Amino acid sequence: VEPVPRTFPPKNSHSSRNPNAAKQLFLHRIPKLCSAPNQLASMFLSHTHIQVESVDEIQFGNEYGKTLVTFPSTRHANLAFDMLAEKGEVDKSGRTQKRVYLLNGTYLWVRKMVHNTNKDNSKNNNNNSKNNKQQQQQGLKEQKD
């Protein structure tokens, strides 16, 4: 049996189905103790100092729930996601998500609704390489002095 390569949908595929996708974050693995949407809105305000526009009703399965959080703009959603303390991981669908720990020791996942773009990744890599070059140049200057 040959392995099947994983393919990702085009970067704008969610935009056609959900025009608000870029300004939303998907929260999943929400413990049942977080049963009110206003608790999640308060969590974002306290962790990121960014006010959400709305939080959809939480849909619970057996143990955990999921919902969408909408921000006033794409910039607000990206900034809120970036300000969460944990390091982002790419999930199997190609979207970045972060684990947020709650006061009682449980956690939930916050995921972007749009796929990462190569442009974003190359921009980060370019910034890192610029910083590395600047640090190397500064080190060379210090050695000469």
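Structure first, text after, so check above.
Keep in mind that what you see is a predicted model, and the values were worked out from it rather than measured. Here the residue index of a chain counts from 1 through its sequence in written order. This being a predicted model, a pLDDT of at least 70 is required before a residue's local features are given, and a value of 80 or more before pairs of side-chain atoms are given or counted; all residues contribute to the totals for chains, interfaces and linings. Think of the side-chain values as coming from all heavy atoms in the structure, minus any hydrogens and water.

Asks: How should unusual backbone geometry be read in this particular structure?
Replies: Excluding glycine, most residues fall at negative phi; most peptide bonds, likewise, are trans. Even without being glycine, Arg29 reaches a positive phi, approximately 60°. The residue His49 is not glycine, and still its phi comes out positive at about 65°. Working definition: helices are DSSP H or I runs of at least four residues, strands are E runs of at least two. Numbering for both runs from the N terminus. Note that His49 resides in the loop between helix H2 (37-48) and strand S2 (54-55).

Asks: Help me understand the nonpolar core, please; the structure alone is not making it clear to me.
Replies: Generally speaking, a soluble globular protein has its nonpolar side chains buried in company with each other. Among buried residues, the Ala, Val, Leu, Ile, Met, Phe, Trp, Tyr and Cys ones that are joined through side-chain atoms within 4.5 Å form a nonpolar core. Accessibility here uses a 1.4 Å probe with only protein chains present; expressed as a share of the type maximum, an area under 20% marks a residue as buried, one over 50% as exposed, and anything in between as partly exposed. In terms of nonpolar packing, the biggest core is built from 22 residues, with Leu27, Phe44, Phe71, Leu108 and Val110 touching the most fellow members. Of all the elements in the fold, those that place two or more residues in this core are strand S1 (24-31), H2, helix H3 (74-83) and strand S7 (107-112). If one sorts the elements of this core by residue count, H2 sits on top with four residues. Should any heavy atoms of two residues lie within 4.5 Å, those residues are considered in contact. If sequence neighbours within four positions are ignored, Leu27 has contacts with Leu40, Met43, Phe44, Gly65, Lys66, Thr67, Val69, Leu108, Trp109 and Val110.

Asks: When you look at the layout of surface pockets in this model, what are you seeing that I'm missing?
Replies: Unoccupied space between atoms shows up once a probe the size of one water molecule is rolled over them. Of the pockets and cavities examined, the second largest pocket occupies roughly 160 Å³. Residue classes follow a fixed rule: Ala, Val, Leu, Ile, Met, Phe, Trp, Tyr, Cys and Pro count as nonpolar, while Asp, Glu, Lys and Arg count as charged, and any other residue, Gly among them, counts as polar. Among the residues making up the lining of the second largest pocket, the classes are represented as seven nonpolar, three polar and no charged. The rule is simple: put a 1 Å grid over the protein atoms alone, call a set of points where a 1.4 Å probe fits but cannot get out a cavity, call an open set with protein on both sides within 12 Å along at least five of seven lines a pocket, and count a residue as lining if it has an atom within 4 Å of a point. Grid points are joined across faces, edges and corners, and a volume is the space filled by probe spheres set on the points.

Asks: What exactly am I supposed to notice about the pattern of salt bridges here?
Replies: Side chains carrying opposite charge are able to pair once their charged atoms draw close together. What counts as a salt bridge is simple: a side-chain nitrogen of Lys or Arg found within 4 Å of a carboxyl oxygen of Asp or Glu. Here the structure, examined in full by the defined rule, presents two salt bridges. The salt bridge involving Lys23 is made with Glu53; its shortest N-O contact spans 3.9 Å. Placement of Lys23 in the loop between helix H1 (13-17) and S1 and of Glu53 in the loop between H2 and S2 is noted, with a sequence separation of 30 residues between them. Lys23 gets classed as buried once you look at its relative accessible area, which sits at 19%. Relative accessible area serves as the criterion here: at 49%, Glu53 is assigned to the partly exposed category. Here Arg111 makes a salt bridge to Asp91, at a shortest N to O gap of 3.5 Å. On the criterion of sequence distance, the pair formed by Arg111 in strand S7 and Asp91 in the loop between strand S5 (89-90) and strand S6 (96-101) is long-range, its members being 20 residues apart. For the pair formed by Arg111 and Asp91, the shared burial category is buried.

Asks: What is the right way to look at the pairing of S1 in this model?
Replies: Both faces of the sheet carry side chains from a regular strand, because those side chains alternate between them. Of all eight residues in S1, seven are buried, a share of seventy percent or more. Here, any two strands with at least 2 DSSP bridges between them count as paired. Bridge count between S1 and strand S4 (residues 64-70): seven bridges; the pairing is antiparallel. Bridging from a neighbouring strand, Leu25 pairs with Val69 of S4. The pairing of S1 with S7 spans four bridges and is antiparallel. Residue pairing for S7: Leu27 is matched across the bridge by Val110.

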